[in-house]
Amino acid sequence: MDYKKIYQNIEEYYSYEDKNIWRNKFHIEMPFGLVNDPNGLSYYNGEYYIFYQWNPFGCEHKTKHWGLVKTKDFINFTKPEIILKPEEWFDKNGCYSGGAYVKDDTLKLFYTGNVKDSNNERKSYQCMVDYKDGSFEKKGVLIDKQPEGYTAHFRDPMIFVENEIYYMIVGVQTEDLKGRALIYKSDDINKWSFAGELKTDVDNLGYMWECPNIIKVNEDKFAFMFSPQGLKEEEFKYQNIYQSGYLIGELNFDDVSLNNHTEFKEIDMGFDFYAPQVFNHDGKNIMIGWIGMPDKDDEYLSSEYGWMFGLTMPRVLEYKDNVLYQRPLELLEELRESKIMDLKNQYVDDYSININSRTIECNLDLDMNNSNNIELKFKFKDEYISILYNKEDEICTLDRNNMEFGGKGIRKFKLKANKSLKLHMFIDNSFMEIYYQDGLETTTLVYFPKSDSFEIEIKNSVKINELQIWNLRRINYGK
Ligand code: FRU
């Protein structure tokens with residue numbers, strides 16, 4: 001594989017401004033190739049390390065590497081680097097997802113080596129890498145096989161620590177095709193022993209659980225977040241091919257069980273969100289997800305230009321009322337370049353705002369005391385995406401059917417907004433992230449408008465409590 005050429009292409013790409021109307025301005029994406037899961041998220045030596053699954057050779061799900069960008073502020077990033085290459089016997093068909101842990105002054109990375117042997121049979125190895133003084137060293141295989149009773153769909157190790165013991169959680173599939181997570185234990189982070197299957201009250205929730213995370217949310221509660229595959233669609237749930245969500249409960253480390261836990265709650269109700277990873281820094285649980293969806297490649301038209309998918313902006317998770325609220329990391333306020341709108345207490349009727357950029361942050365608070373139906377439209381000439389809210393039924397509907405290119409359809413979810421409907425939106429050239437009711441729900445989506453023109457329309461007569469819009473700046477790589 002010609003890595004010299006890849007690095008030349010990276011240099012060349014950042015030497016000019018890409019004018020493609022779908023190129024995002026403030027979301028992490030790659031100059032070329034296919035990006036999926038965030039990996040190894042960590043804060044190390046004063047910088048955020050954001051690794052991700054990357055096929056730098058094309059827009060297909062193969063030859064998965066770990067790419068890396070580093071940043072202090074989510075505005076200035078280092079140029080993408082290739083960190084893990086699939087070139088050893090234990091990872092030759094892909095350096096798959098995993099997490100990181102900072103021990104002493106070493107950043108330790110954990111990943112799954114994916115191998116297809118000569119009969120096309122899958123083997124999964126849990127592996128480790130040390131990063132110190134600017135260089136990475138593959139330490140090889142820590143766990144060479146799944147335990148009895150499970151298939152080789154055994155991947156995505158994440159590390160957490162409790163009472164000075166290291167724990168690793170790994171996603172897996174049972175031989176009777178149920179998704180599960182396994183826990184391993186270690187005193188020194190190098191030698192691992194099997195502690196058991198994570199016991200929950202959930203039995204049938206898909207055939208595979210990918211990308212598990214264990215997150216401490218307060219003194220005695222933990223969230224177990226994972227990405228199950230194979231859930232049946234319901235009216236207000238599970239409308240994507242695969243989901244991501246969590247259970248919150250008490251974690252018993254002796255018998256590795258999650259007790260008194262909540263029902264499975266999806267993290268994001270949009271079209272294009274999967275495989276989130278959470279890390280802790282500065283007392284905050286910070287989550288980044290993949291903007292994309294497996295097995296839907298034909299919806300992502302940017303592949304025509306040689307690139308595909310990206311990552312969400314960092315979101316802080318806060319435990320309240322037994323759910324995780326999400327809010328944008330405070331640092332992101334630095335992205336605001338100029339305020340282009342600021343309204344308070346204004347009655348409007350079919351209000352339309354013409355915006356000359358499609359890279360904005362918008363904070364909207366609508367008074368619902370005298371309104372029942374709200375329709376918000378993001379218009380791109382004759383195409384649009386809409387959000388419909390009905391207060392009485394407490395239903396929010398996101399509709400992408402009026403776009404010509406890319407994925408279509410609607411997503412519906414329950415949402416309470418009695419007094420006011422609050423939307424916090426980050427709209428980029430082909431990605432949108434929307435927070436509802438202070439982050440109780442979010443929707444992430446990809447869209448491919450034909451035109452560069454952009455209007456936001458608020459249908460119906462309604463009182464705007466607050467409306468602020470900022471133009472956001474472009475993030476940069478290696479300047
Ligand atoms: C989730 C996933 C992981 C795997 C990786 C491979 O999107 O399928 O389970 O490690 O992607 O790229």
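What you see is a predicted model, and the numbers here were worked out from it, not measured in a lab.

## Describing the environment of Asn 471
Residue placement: Asn 471 occurs in strand S35 (residues 454-472). Sequence separation of Asn 471 and Ile 456 is 15 residues, and the distance between their C-alpha atoms is 14 Å. If we ignore the near neighbours within four places in the chain, the residues touching Asn 471 are Leu 335, Arg 336, Glu 337, Ser 338, Ile 340, Ser 357, Thr 359 and Ile 360. A distance of 3.0 Å separates polar atoms of two side chains, one belonging to Asn 471 and the other to Ser 357.

## Quick look at the UniProt feature "domain: Glycosyl hydrolase family 32 C-terminal" (unreviewed entry) in the protein chain
Under the UniProt annotation, the feature "domain: Glycosyl hydrolase family 32 C-terminal" (unreviewed entry) is placed at residues 351-471. Structurally, residues 351-471 comprises 0% helix and 64% strand, and the distance from its first C-alpha atom to its last is 20 Å.

## Regarding the packing of aromatic side chains
Evaluated as defined, the whole model comprises 46 aromatic pairs. Ring geometry for Phe 222 and Phe 253: centres 5.7 Å apart, planes at 75°, overall edge-to-face. Here Phe 222 is found in strand S16 (residues 222-229), whereas its partner Phe 253 is found in the loop between strand S17 (245-252) and strand S18 (257-259), with 31 residues between them in sequence. By way of ring pairs, the aromatic residues Tyr 13, Tyr 14, Tyr 16, Tyr 43, Tyr 48, Phe 74, Phe 77, Phe 279 and Tyr 477 are connected into one cluster. For Lys 85, the ring lying beneath its charged end belongs to Tyr 3, and the centroid distance is 4.2 Å.

## Notes on the site of the ligand
Taken together, Asn 36, Asp 37, Gln 53, Lys 64, Tyr 96, Ser 97, Arg 155, Asp 156, Glu 210, Tyr 274 and Trp 290 make up all the residues around the ligand. Measuring from an oxygen atom of the ligand, one finds a side-chain N or O atom of Asn 36 at 3.0 Å. Note that an oxygen atom of the ligand is positioned 3.0 Å from one of the side-chain N or O atoms of Lys 64. Considering the ligand on its own, with 320 Å² of exposed area, one finds that the protein chains cover 91% of that surface.

## Brief notes about the nonpolar core
Residues Phe 378 and Leu 467 are the most contacted members of the largest nonpolar core, which totals 42 residues. Looking at this core, the elements with two or more residues in it are strand S26 (336-355), strand S27 (360-367), strand S28 (373-380), strand S29 (383-390), strand S30 (395-399), strand S32 (420-427), strand S33 (431-436) and S35. The biggest single contributor to this core is S35, with 7 residues. Among all residues touching Phe 378, those that are not within four sequence positions of it are Glu 383, Tyr 384, Ile 385, Ile 387, Met 425, Ile 427, Met 432, Ile 434, Phe 454, Glu 455 and Ile 456.

## Digging into the UniProt feature "domain: Glycosyl hydrolase family 32 N-terminal" (unreviewed entry) in the protein chain
Within this numbering scheme, the UniProt entry marks residues 27-328 as carrying the feature "domain: Glycosyl hydrolase family 32 N-terminal" (unreviewed entry). Taken as a whole, residues 27-328 contains 0% helix and 56% strand, while its terminal C-alpha atoms sit 13 Å from one another.

## Looking at the domain arrangement of the protein chain
As far as domains go, the protein chain holds domain 1 (3-328) and domain 2 (336-474). Measuring from the centre of the C-alpha atoms in domain 1 to the corresponding centre in domain 2 gives 30 Å. Every contact between the two is made by 39 residues of domain 1 and, on the other side, 43 residues of domain 2. Taken together, domain 1 and domain 2 are joined by 6 salt bridges. Counting the contacts that link domain 1 with domain 2 gives 31 residue pairs in polar contact (both at pLDDT 80 or more). A per-element tally of the side of domain 1 that touches domain 2 places strand S25 (residues 323-328) first, with 6 residues.

## So, the environment of Ile 50
Here Ile 50 is to be found in strand S2 (residues 47-55). With a relative accessible area of 2%, Ile 50 lands in the buried category. Distance from Ile 50 to Asn 460, taken between C-alpha atoms, is 42 Å for residues 410 residues apart in sequence. What Ile 50 contacts, discounting residues up to four positions off in sequence, is Ile 28, Asn 39, Leu 41, Gly 67, Leu 68, Val 69, Thr 71, Phe 74, Phe 77, Ile 288 and Leu 311.

Criteria and thresholds
- Residues take numbers from 1 onward in each chain, read along the sequence in its written order.
- Where totals are concerned, whole chains, interfaces and linings use all residues; where local detail is concerned, this predicted model gives features only for residues with pLDDT of at least 70, and gives and counts side-chain atom pairs only at 80 or more.
- Values shown for side chains rest on all heavy atoms present in the structure; no hydrogens or waters enter the calculation.
- Where helices and strands are cited, they refer to DSSP runs of H or I of at least four residues and of E of at least two residues respectively, numbered from the N terminus.
- Only heavy atoms enter the contact rule, under which two residues are in contact if any of them lie within 4.5 Å.
- N or O atoms within 3.5 Å of each other form a polar contact, as long as, within protein, one can give a hydrogen and the other can take it, and as long as residues adjacent in sequence are counted only when both atoms are side-chain atoms.
- UniProt positions are given in the numbering used here, feature names are shortened, and annotations may be inferred rather than shown by experiment.
- Each Phe, Tyr or Trp ring, with Trp reduced to its six-membered ring, pairs with another whose centre is within 6.5 Å; inter-plane angles below 30 degrees give stacked pairs, above 60 give edge-to-face pairs, and intermediate values give tilted ones.
- The criterion for a charge sitting over a ring is simple: Lys NZ or Arg CZ within 6 Å of the ring centre, and within 35 degrees of the ring normal.
- Any residue with a heavy atom positioned within 4 Å of a molecule or strand is treated as near that molecule or strand.
- A 1.4 Å probe and the Shrake-Rupley method give the accessible areas. Residues count as covered only by the protein chains that appear here.
- Joining through side-chain atoms within 4.5 Å is the link that ties buried Ala, Val, Leu, Ile, Met, Phe, Trp, Tyr and Cys residues into a set, and such a set is a nonpolar core.
- Residue exposure (1.4 Å probe, protein chains only): buried if accessible area is under 20% of the type maximum, exposed if over 50%, otherwise partly exposed.
- Note: domain ranges come from an automatic or database domain assignment.
- For this document, the term salt bridge refers to a Lys or Arg side-chain nitrogen within 4 Å of an Asp or Glu carboxyl oxygen.

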